[in-house]
Amino acid sequence: MRSKHFLLFIGLSLTYAAATAQQPANDPLNYYINPIFPGDYPDPSILRDGSDYYIVHSSFEYYPGLLIWHSRDLINWTPVTHALHKYVGSVWAPDLVKYKSKYYIYFPAGQTIYVVTADAVTGPWSDPVDIKINYIDPGHFTDAEGKRYLYFNNGGYVPLSDDGLTITGEIKQAYKGWTIPRDWTIECFCMEGPKITMRGDYYYLTVAEGGTAGPATSHMVISARSKSPFGPWENSPYNPIIRTQKSTEKWWSKGHGTLFEAADGKWWMVFHGYEKDYYNMGRQTLLEPVEWTKNGWFKIPEGIETDRPIKKPVTSITTKRSFLSDDFSGNDLKPQWQFFGAYDTNRYHLADKSLTIKARGHSIGESSPLLCIPPNHSYIAQIELTITGNATGGLVLFYNNAMSSGILADTDNILANLRGWQFPTEKSVLKGHVFLRLKKIENMVDMYYSLDGQQWVKIENSLEVSGFNHNVLSGFLSLRLGLCAVGNGSVKFRNFVYTPVTIK
């Protein structure tokens, strides 16, 4: 059920306005504040195609996956389309590239590497092709003769066929990484995310090291250069190019960088990081300028700080955001929505400004909930539900199949779910119809229900959700907001309203 309204939908445009810090009052149009993608947008892979920029991120178990975004200024982004609809497992660290006139996304899933292709970035995208090699974090590059290769997390590379769909040789080792001082506090050596960019006589290899999560000072961006894409590689004297130096900084575990040249000839790096105190939001996409030294190395300019105002790549007027609210009036789901697990288009339908989902499973985790990424620290979300049959519907905060919470309803009762412990909290108050609300203020969550959408009753149960993060639960996921339909029967959802809350 692919929809043209991917191309028309602009309400989810991501801008720096979602960030909590304030820009210089005297020049707000010329500066941005990180992140450029607030919320769970890890492992960014960026492609410049003329004056257009496209970006894609890890999509893990959320389907449809590989949502491609478009921008002209690197700050304001609009969703284009999902490139992956067929379930192949958890999707990590993709690489979006253009070769000749065709577009490719290489990505690891299910202990192999897949590729999807399209003649236009807007799609349609092909079904995934298994290129049958068991590594992660593929980084595509071409040599001076136009031949194609993939680098991997272990510092090795393999040759590709001209159509990019087949491995044509054995893996060869080329790069061993940069030695991290033993007294640094890191999670592991864990080299990953190789990206190759050419400038002048040199190829520049950018990798991540130190571990994606763990201590705040783990993740970092490392650079090396060579006059051949196959090495030998010389490590940069400016390593690490980017790293969190101490846990008092706002952005933790900064890494997985991609170096690129903008349309005006200036250079930038896009990367990700966790936000201090909001680790449960996942890794957010960050952007910083890059400068070149006289001896041909690149580094972050002096005075640039990730959490401070940075001069925009292009002067532009900020796009006003409509956030995530949805009246379900389209012919298909908006790009903000993804099911956790297999994407079954027969399980849902939209009609008369409502979304009906067939119930399944015996718990929130088994129900394959429909989720979106909240970009704010604090917000209020609410939804109207009509329950049919022996179903239970809910408005939930979801980390993974084993860990979720929220407020739910069956035909008679309001139920609370606290980290999987689910029980009736308001009995015999419904007749198959209800409004539910979550109010999240920083990491505290209160839950409400209403019979008419006007008068709200707070249930006695509240949540503290800071622990819903990778360092506690593993998986590299985030705390997402969504809808569930559990059991037998169906749940009809109407008028999902998402309202950011500003805390003074």
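Use the structure listed above.
A brief report on the enclosed structure follows.

Rules of the game
Residues numbered from 1 in each chain as written. Predicted model: local features only at pLDDT ≥ 70, side-chain atom pairs only at ≥ 80, totals over all residues. Heavy atoms only, no water. Helix = DSSP H or I, 4+ residues; strand = E, 2+ residues; numbered from the N terminus. Rg over C-alpha atoms; globule rule 2.2 N^0.38 Å. Areas by Shrake-Rupley, 256 points an atom, 1.4 Å probe, with all protein chains shown as cover. Buried < 20%, exposed > 50% of the residue type's maximum accessible area, 1.4 Å probe, protein only. Pairing = 2+ DSSP bridges. 1 Å grid on protein atoms, 1.4 Å probe; cavity = no way out; pocket = protein on both sides within 12 Å on 5 of 7 lines; lining within 4 Å. Points joined across faces, edges and corners; volume = space filled by probe spheres on them. Nonpolar A, V, L, I, M, F, W, Y, C, P; charged D, E, K, R; others polar. Polar contact = N/O pair within 3.5 Å; in protein donor to acceptor, adjacent residues only side chain to side chain. Contact = heavy atoms within 4.5 Å. Axes fitted to C-alpha atoms, helices over the stretch in contact; angles between N-to-C directions.

Topic: the overall build of the protein
Here comes step 1: Looking only at helices and strands, the protein has two helices and 38 strands in total.
Here comes step 2: The C-alpha radius of gyration of the protein comes to 23 Å, within 12% of the 23 Å expected for a compact globule of 504 residues.
Here comes step 3: Of the roughly 19900 Å² of accessible surface on the protein, 48% is carried by carbon and sulfur atoms.

Describing the pairing of strand β13 (residues 156-159)
Here comes step 1: Of the two faces of β13, both are covered, the one formed by Gly-156 and Val-158 as well as the one formed by Tyr-157 and Pro-159.
Here comes step 2: By the bridge criterion, three bridges tie strand β12 (residues 148-151) to β13 in an arrangement that is antiparallel. Paired with Tyr-151 across the bridge in β13 is Tyr-157.
Here comes step 3: Counted along the chain from β12 to the antiparallel partner β13, the turn is four residues long, and its residue Gly-155 has a positive phi close to 80°.
Here comes step 4: Of the strand pairs in this sheet, β13 and strand β14 (residues 172-173) are connected by two bridges, and their pairing is antiparallel. From the neighbouring strand, Tyr-157 faces β14, where its bridge partner is Lys-172.

Section: the layout of surface pockets
Here comes step 1: There is about 690 Å³ of room inside the largest pocket.
Here comes step 2: Ile-46, Leu-47, Val-97, Ile-196 and Thr-197 are the residues nearest the centre of the largest pocket, which is lined by 24 residues in total.
Here comes step 3: Elements with a minimum of two residues in the lining of the largest pocket: β2 (45-49), β7 (95-99), β11 (139-142), β15 (192-199) and β20 (251-261).
Here comes step 4: Classifying every residue of the lining of the largest pocket by side-chain character gives 13 nonpolar, six polar and five charged.

Quick look at empty space enclosed by the protein
Here comes step 1: By the definition in use, this model includes six cavities of 30 Å³ or more.
Here comes step 2: Taken as a whole, the largest cavity spans an internal volume of roughly 170 Å³.
Here comes step 3: Lining of the largest cavity is provided by 17 residues; of these, Tyr-41, Leu-67, Gln-338, Ile-373 and Arg-480 occupy positions nearest its centre.
Here comes step 4: Element by element, the count of residues in the lining of the largest cavity is highest for strand β5 (residues 65-71), at three residues.
Here comes step 5: The residue inventory of the lining of the largest cavity, partitioned by class, reads ten nonpolar, five polar and two charged.
Here comes step 6: When its volume is computed, the second largest cavity comes out at roughly 80 Å³.
Here comes step 7: Asp-40, Asn-280, Met-281, Ile-373, Pro-374, Asn-376, Tyr-379, Lys-440, Ser-478 and Leu-479 are the residues that line the second largest cavity.

Focus on the side chain of Lys-254
Here comes step 1: Within the fold, Lys-254 resides in strand β20.
Here comes step 2: A polar atom in the side chain of Lys-254 sits 2.9 Å from the side chain of Thr-306.
Here comes step 3: Beyond its immediate stretch of four places on either side in the chain, Lys-254 contacts His-219, Met-220, Val-221, Ile-242, Arg-243, Thr-244, Glu-249, Phe-271, His-272, Gly-273, Leu-286 and Thr-306.

A word on the sheet that holds strand β27 (residues 355-358)
Here comes step 1: Within the open sheet, the seven strands sit side by side as β26-β27-β38-β29-β34-β35-β36. Their pairing is antiparallel. Either end of the sheet is taken by a strand with one partner, and the two such strands are β26 (348-350) and β36 (457-464). With direction set aside, neighbouring strand axes in the sheet form an average angle of 25°.
Here comes step 2: In the sheet, strand β34 (residues 433-441) pairs with strand β35 (residues 444-450) via seven bridges, with the strands oriented antiparallel. Within β35, the residue paired with Leu-436 across the bridge is Tyr-449.

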